[in-house]
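Working through the structure, step by step
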Amino acid sequence: MNIRNRGRLPALQLGTALCLLLAPVLAPVLAIAQQSPPGGDHLTLEHYMSWEGVADPQLSPDGEKIIYTRRFMDPVNDRWSSALWVMNADGTRNRFLTEGSSPTWSPDGTRIAYTASGEPGGSQIFVRWMDAEGSTSQITRLEQSPGSIEWSPDGARILFQSFVPADPDPAWRIDLPRAPRGAEWAGSPVIEDRIHFRRDGQGWTPRGHQHLFVVDADAGQPFQVTHGEWDHSSARWMPDGSSVVFQSHRVPDADRRWRESHLYRVDVQSREVTRLTEVRGPKGNPTPSPDGRLIAWSGYEWVEDSYIESSLYVMDADGSGLRELATNLDRSPSGLTWAGDNSGVYFSADDRGTRNLHFAPLDGPSRQVTEGTHMLSVSQVLPNGMAVGTVSTFQDPGSLVRFRVNSPELEVLHRTNRAALAQLELGDVEELWYTSVDDWDIQGWIIKPPDFDPNERYPLILVIHGGPHAMYNVSFNFAWQNHAANGYVVLYTNPRGSSGYGSEFGNAIMRAYPSKDYDDLMAGVDTVVNRGYIDDANMFVYGGSGGGVLTAWIVGHTDRFAAAVSKAPVINWMSFVGTTDGSGWYRNFDHFPWDDPSEHLERSPLMYVGNVTTPTMLMTGERDLRTPISQSEEFYMALQMLEVPTAMIRLTDGWHSRASPPSNFMRVQLYLRNWFERHMTGDMTTDGASNGGP
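Residues numbered from 1 in each chain as written. Predicted model: local features only at pLDDT ≥ 70, side-chain atom pairs only at ≥ 80, totals over all residues. Heavy atoms only, no water.

We now examine the overall build of the chain. Each helix and strand counted, the chain has 11 helices and 38 strands in total. Taking 694 residues into account, the globule formula puts the C-alpha radius of gyration at 26 Å, and the chain, at 27 Å, falls close to it. Along the first, second and third principal axes, the C-alpha set of the chain runs to 75 × 70 × 60 Å. In the chain, once contacts between residues fewer than 6 apart in sequence are set aside, the share between residues at least 24 apart is 55%. Carbon together with sulfur atoms contributes 48% to the accessible area of the chain, which is approximately 29,500 Å² in total. Counting 57 positive and 85 negative side-chain charges, the chain places the centres of these two groups 4 Å from one another. (Helix = DSSP H or I, 4+ residues; strand = E, 2+ residues; numbered from the N terminus. Rg over C-alpha atoms; globule rule 2.2 N^0.38 Å. Contact = heavy atoms within 4.5 Å. Areas by Shrake-Rupley, 256 points an atom, 1.4 Å probe, with all protein chains shown as cover. Lys, Arg positive; Asp, Glu negative; His and termini not counted. Charge placed at Lys NZ, Arg CZ, Asp CG, Glu CD.)

Structure (C-alpha cells):
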C-alpha cells in the first residue's frame, strides 16, 4: 500500500499486479498490501523479482579479460541463482559463459576453475578451457561439496576445502533387544556431547571437520592434505607450490578456546604441519608475498573487549620476525593482496560508512589508494597494478569497475539494473552527523521519498542494524528505497558499538548493551524531527537481530513511536545465552547467569515490558538458531498478557536471515508497512503529508 496515493484503504486489500505474478509463492502475503503498478517511476517489489547483482570479478593473468559472477532472482523456484559472464577488459563483448560461481583463472590464463552443480550432487569443481572450443571437465565427484578453490602456482593442481565426516563413536553403541515382527519403534535418538553442535542456516551440524585437499587439474582422486579433529580454512599456496599456509587451531579442546586461532604451514607431499604463530588471539587471511619470503595476515592480540578492530601483520615465511603494518589506521583490513614487487600489502577497510582500498608499505604509514563515498570491494590487483572490483553507492546497486592503483580513477565496465533504474525516481539520500550523550559524534543518513517537499510532513521509519558490531553504509539498499517510494522518510544510523569507527567506538557497549546506544538512536530521531518535515505522531521503528533487541528496548523506554516491529530479537538474555548457536555470548557478561543473574536481567528487554504501550509486532524465522523464535514468543506472550497490541509472524522457511528465500524479503517489506499503516494516526493526503501531526 503506497501511502503517497491512498486514503484509508483497507489493510487487507490485494496487491493485484504482484499477486498475478507470484500467486503460487506469495498468495498469503499479497493479501495485505497494494504496490504501485510495474513500470512506474517508484521502486516496487515487482522490480525485486528481476533485480541482479555482480560479484567477484577476476582479471586474466594477461589483463585482457574479466570473468565475473552475475546473481539474479529465480522467482519460480524462490531462490537466488548465479552464472559466470566474461568480457574484454575494457567492458566490450560482455557475454554469458556458463552456469556456476567462484571463478578463478589458471596461472597461465588458459583455463578457469569454478564451482557448479555436478554429480553425484551438490557443488563440484569444474575446469573450462578458455579457447574457442571451450571444453569443460568435472574435476571432483565428492559426497561433500568443495569450496575455497585455488590453483597451484604451476597450474597443475587445485587446492580446495571440504568437510570430512567423523566415524561413529563406538562408545555410544548399544544393543537393543530384537524388535517384534511388525513393530514400529521410535527412531534412533540424537546423541550430543559437543559444546557447538548447531549452526544457523544449517541446523544440526554433522560430526566431522573441514580439511584441505589437492586434486590434479585434469581430474583424479583428491589427496587429503590435513588430518585431525580440527577445522582448517583460509588456505593459500606458497609460491614454490610445495606447501600451503592456512588458519586453524590445532590444540586440545579447540572449540572451547574463545577467539583464538593460529596460522600453520603444511608440506603437501609429506603432510607435515608446522605452526607459524605463537601470540594468543584470532588470526586469519594468511597471504604469502610473491617471492615467498613473507606472509601477511590480519588479527589481533587476545583481549576481553567485546569489539576491537583487527590489525595488519607481516612475518617471515617461517613465522619469525613478526611486525605490525598500518599502525596509523584503526580500521580492520580485509582482502589482502601483495604488491607485485613485494613492497607492501593492499587491503580494503570500512571507514565511517564507506569502503576504499589502502596500501601498507613494509616501512612507514599506510595510505588510502582510492577516494569516494562508496562501498568499493576490490577482488583482485594484478602485479602490474591493474585492479578490478565492484562498487555501490546510494543510488547504484552495483557496478563492475577497474582502475590502476597508481591512477585510481574508477572506470565503470558494467552497471546492473540499468533498464529499471532509467525509469525510476529514487529517493535522495542525505548524510547527517549529530552529537549524542558524552559528546559523541554519531553518523547517520536520511532517505527521502521521491518528489520530497520539505514543506510537507512525512511519516518516519527508524531502522536499526544488528550485530551489534556492524556498520550501515552508503551502498544502495533496496528495502529502504522501497519504503521511501511508499512515502516514508527513512533514518538509519551507526550508534556507538558500530564497526568502522575505531576500537574505542566499537567497544563502547562492552557489557553495556543495550544502553547509551539507545540514546544515540533517539538523538538521531530528534535531529530529524527538528528539521520540520516529520509527522511525529507517525514515527515507526524496526530492526533485526541486534536491531531487534534495541527495538524491543526502545518500546520499553519510550512511547514516542506509533508502532514497532522487532525482528529476530533477544528478549531475555538468561534464556538466550544457552539456546543460541554458539557459546560466545556467555562471554559478554561479567558473570555466568547462575552465579549472578542481575546483569542478564538488567539488560533484558523483557524486564521493561510493563512499560510498553507501543503496538509491537515480532517477526522471526521458525528455523532461527541465532536468536531462536522462543525469544520472540517470550515477548509476544508478555505483551498479550498486558493487552498491548501485538502480533507474531513466524516465517516458516526462514533461518536468522529474514531475506532468504527471496519471497521472505518481500513478505517482510509488506508486513512491516501493513503493521505501520494500521497504526497510523490522522488522514494521509495524496502527496504523502499527514493532517494528523502537530
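With respect to the helices and strands, the residue Thr354 is situated in strand S25 (residues 354-361). For Thr354, the side chain forms a polar contact with the main-chain oxygen of Asp351, separated by 2.8 Å. Excluding residues within four positions of it along the chain, Thr354 makes contact with Ala349, Gly372, Thr373, His374, Met375, Met471 and Val474. (Polar contact = N/O pair within 3.5 Å; in protein donor to acceptor, adjacent residues only side chain to side chain.)

Further remarks concern the sheet that holds strand S6 (residues 111-117). Strand pairs in the sheet, formed through backbone hydrogen bonds, run parallel or antiparallel to each other. Taken together, the 4 strands give an open sheet; going across it, the order is S5-S6-S7-S8, and neighbouring strands pair in antiparallel fashion. Of all strands in the sheet, those bounded by a partner on one side alone are strand S5 (101-105) and strand S8 (136-138). Adjacent strand axes in the sheet meet at a mean angle of 25°, parallel and antiparallel pairs treated alike. Bridge count for S6 against strand S7 (residues 123-129) is 7 bridges, and the pairing is antiparallel. Paired with Ala113 across the two strands is Val127, which belongs to S7. (Pairing = 2+ DSSP bridges. Axes fitted to C-alpha atoms, helices over the stretch in contact; angles between N-to-C directions.)

Before going further, it helps to spend a moment on the nonpolar core. Residues Leu462, Trp480, Tyr492, Ile554, Phe635 and Phe676 are the most contacted members of the largest nonpolar core, which totals 92 residues. At 8 residues, helix H11 (residues 662-678) tops the list of elements feeding residues into this core. Once residues lying within four places of it in the same chain are set aside, the contact partners of Phe676 are Ile461, Tyr488, Phe540, Val541, Tyr542, Ala563, Ala564 and Val565. Judged by nonpolar contacts, the second largest core, of 13 residues, contains Tyr346, Ala387, Val391 and Val405. (Core = buried A, V, L, I, M, F, W, Y, C linked by side-chain atoms within 4.5 Å. Buried < 20%, exposed > 50% of the residue type's maximum accessible area, 1.4 Å probe, protein only.)

With that settled, the discussion passes to the pairing of strand S1 (residues 52-59). Examined bridge by bridge, S1 and strand S2 (residues 65-74) share 6 bridges and lie antiparallel to one another. Across the sheet, the residue bridging to Gly53 is Arg71, located in S2. The antiparallel pairing of S1 with S2 creates a hairpin that spans 5 residues between the two strands, and Gly63 there sits at a positive phi of about 75°.

Glancing now at a nonpolar patch on the surface. Taken together, the side chains of Ile174, Leu176 and Trp185 make up a nonpolar region of the molecular surface, amounting to roughly 380 Å² of accessible area. Under the relative-accessibility criterion, Trp185 is labelled partly exposed at 47%. (Patch = residues over 30% accessible without salt bridge, like charges linked within 9 Å, V, L, I, M, F, W, Y side chains within 5 Å. Salt bridge = Lys/Arg side-chain N within 4 Å of Asp/Glu carboxyl O.)

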